[in-house]
Amino acid sequence: MLFRSEIFGDPQLNRLEELVNVNNQNVKQAEAQFRQARALVAANHANYYPTIGSTPAISQSYTGANAGRGTGGSSQSFSLPATATWEPDLWGRVRLSVENAVSNAQVSAADLENVRLSQQALLATDYFLLAAQDMQLSLLSDTIRAYEKNLQLTINRHAGGVASRSDVTLAETQLAAAKAQSTQMHIARAQDEHAIAVLTGQPPASLNIGATKIDGPPPPIPVAVPSQLLERRPDIAATERQVAAANANVGIAETAYYPTLTLSATPGFLATNVANLVTYAGRYWSAGPSLSQTLFDFGRRGATLESSQAAYDVTVAGYRQTVLSAFQEVEDDLSNLRYLAEEAVQEQ
């Protein structure tokens, strides 16, 4: 699988990104939710077909002589029925349920991709922060050695009467401050290393990343294609699919106003002994349609429909806000990239 981080050309980063895709618990959770949503699609699609079942039974009864039926006695009966019920999709209730489930599955798929992308981005950020800290630690190490030499030189000059005691104190302060800064940098590096371990599904204490560095500038990014970048954002795809699912829910709420037609049939066999059970003479069957319609619900269906329409409006507004926020984020990042490039030149 090709990861977006491969554009940096860092084999160690690529290996860590592969672990994110395999071991990251947030990715695993999102993947399980996607499988759950996909199973719901299959469950709703099964409503297009009839439900077939069977309830075999054996019954035994006893009648005493005082029941007025001769001498009385016991009797047995064996039944082997089959039942089939089917609700034709006259008003599109099943179709809309399937559309809703499919849209929700697509939302879950986009959420999975969004989680995977965000976790990979977090790992890349932590990795480059760690590399930057290693480079700063290397610089601090050189600085500490220079301050140590400067301190010794100042002590020697003070002993020779050339430098004052305040010069020695200043040299000691510079050295102590550099060492303290190095300690703080080691703390930050350890925290980034622990964060990388958690992102790759490992205990923090088990991961040890050696000293690394950033070999070159980041790869160039086109600065005039925010709309193309937005087309690839899974969070926007997820909110768009939520709108489709909410629209299907409105249709499902509308079908509650129409009657429900159910076709049922029960063929089977009935006999007083097992030997004659599956015979032509033991056959029986019953079949017929049934129609159900809610006449008065005192506004329950209307309230449900109104709620579904309001939920649809919520998702539409959320989708538009997500798109606007995404435009803002892309424009902000592109502006930051442009101005940071100018700042880097000025700092250099």
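Cut-offs used in this document
- Sequence order as written defines the numbering, with residues in each chain counted from 1.
- Only residues with pLDDT of at least 70 are given local features in this predicted model, and only at 80 or more are side-chain atom pairs given and counted; all residues enter the totals for whole chains, interfaces and linings.
- To obtain the side-chain values, all non-hydrogen atoms of the structure were used and water was disregarded.
- Helix and strand definitions follow DSSP, with helices as H or I runs of at least four residues and strands as E runs of at least two, each counted in order from the N terminus.
- Exposure classes here rest on a 1.4 Å probe applied to the protein chains alone. A residue is buried below 20% of its type maximum, exposed above 50%, and partly exposed in between.
- The criterion used for residue contact is that any of the two residues' heavy atoms lie within 4.5 Å.
- Only protein atoms enter the calculation, which uses a 1 Å grid: trapped sets of points that fit a 1.4 Å probe without letting it out are cavities, open sets showing protein on both sides within 12 Å along at least five of seven lines are pockets, and any residue with an atom within 4 Å of a point is a lining residue.
- Grid points are joined across faces, edges and corners, and a volume is the space filled by probe spheres set on the points.
- Residues are sorted three ways: Asp, Glu, Lys and Arg are charged, Ala, Val, Leu, Ile, Met, Phe, Trp, Tyr, Cys and Pro are nonpolar, and all the rest, Gly among them, are polar.
- The convention used is that axes are lines fitted to C-alpha atoms, helices contributing only their stretch in contact, and that angles between N-to-C directions extend from 0 to 180 degrees.
- Any angle that is under 35 degrees is reported as roughly parallel, and any over 145 degrees as roughly antiparallel; angles of 65 to 115 degrees are reported as roughly perpendicular and all others as oblique.
- For a crossing to be left-handed, the near helix must be turned anticlockwise from the far one by less than a right angle; the clockwise case is right-handed.
- Residue count minus one, scaled by 1.5 Å, sets the expected span of a helix.
- In what follows, salt bridge is the name for a side-chain nitrogen of Lys or Arg lying within 4 Å of a carboxyl oxygen of Asp or Glu.

Caption draft 1: How the structure looks around the environment of L117. One can find L117 in helix α3 (residues 93-159). In sequence terms L117 and T200 are 83 residues apart; their C-alpha atoms lie 13 Å from each other.

Caption draft 2: A look at the environment of F296. Here F296 lies in the loop between β5 (283-292) and α7 (300-347). A relative accessible area of 71% places F296 in the exposed class. Note: C-alpha distance between F296 and L207 (89 residues apart in sequence) is 66 Å.

Caption draft 3: Inspection of the environment of V250 at higher detail. As for its placement among the helices and strands, V250 is situated in helix α6 (residues 234-255). As a C-alpha pair, V250 and L96 span 154 residues in sequence and 9.1 Å in three-dimensional space. Beyond its immediate sequence surroundings of up to four residues, V250 is in contact with L305, S308, Q309 and Y312.

Caption draft 4: Up close: the layout of surface pockets. Its volume calculated, the second largest pocket comes out at about 210 Å³. In terms of lining, the second largest pocket is formed by F8, G9, D10, F128, K213, I214, D215, G216, P217, P218 and P219. Considered class by class, the residues forming the lining of the second largest pocket number 6 nonpolar, 2 polar and 3 charged.

Caption draft 5: Looking closely at the packing of α6 against α7. The geometry of α6 relative to α7 is characterised by a closest axis approach of 9 Å and an angle of 165° between their N-to-C directions. In this view, α6 runs roughly antiparallel relative to α7, as classed from their interaxial angle. Seen from above, α6 lies across α7 with left-handed handedness. For the pair α6 and α7, contact is made by D235, I236, T239, E240, Q242, V243, A246, N247, N249, V250, A253 and E254 and by T304, L305, S308, Q309, A311, Y312, T315, V316, Y319, T322, V323 and A326, respectively. Here the contact of α6 with α7 is built from residues that sort into 12 nonpolar, 9 polar and 3 charged.

Caption draft 6: Quick peek at helix α4 (residues 165-199). With 35 residues, α4 ought to run about 51 Å at 1.5 Å a step, and its terminal C-alpha atoms sit 51 Å apart, in line with that. Within the sequence span of α4, burial applies to V168, A171, L175, A178, S182, M185, R189, D192, E193, I196, A197 and L199. Note on α4: the residue one or two positions beyond its end, G201, has a positive phi of about 75°.

Caption draft 7: Quick peek at the pattern of salt bridges. Using the criterion set out here, one finds 11 salt bridges in the structure. Among the salt bridges present, the one from R95 reaches E99, with a minimum N-O distance of 3.1 Å. Taken together, the residues R95 and E99, both in helix α3 and 4 residues apart, mark about one turn of the helix. On the basis of relative accessibility, which here comes to 39%, the residue R95 falls in the partly exposed class. We classify E99 as partly exposed; its relative accessible area is 35%. The residue E113 makes a salt bridge to R116 at a minimum N-O spacing of 3.1 Å. Of this pair, E113 and R116 both sit in helix α3, 3 residues apart, roughly one helical turn. Residue E113 is classed as partly exposed on the basis of its relative accessible area, which comes to 25%. Overall, the relative accessible area of 14% leaves R116 in the buried class.

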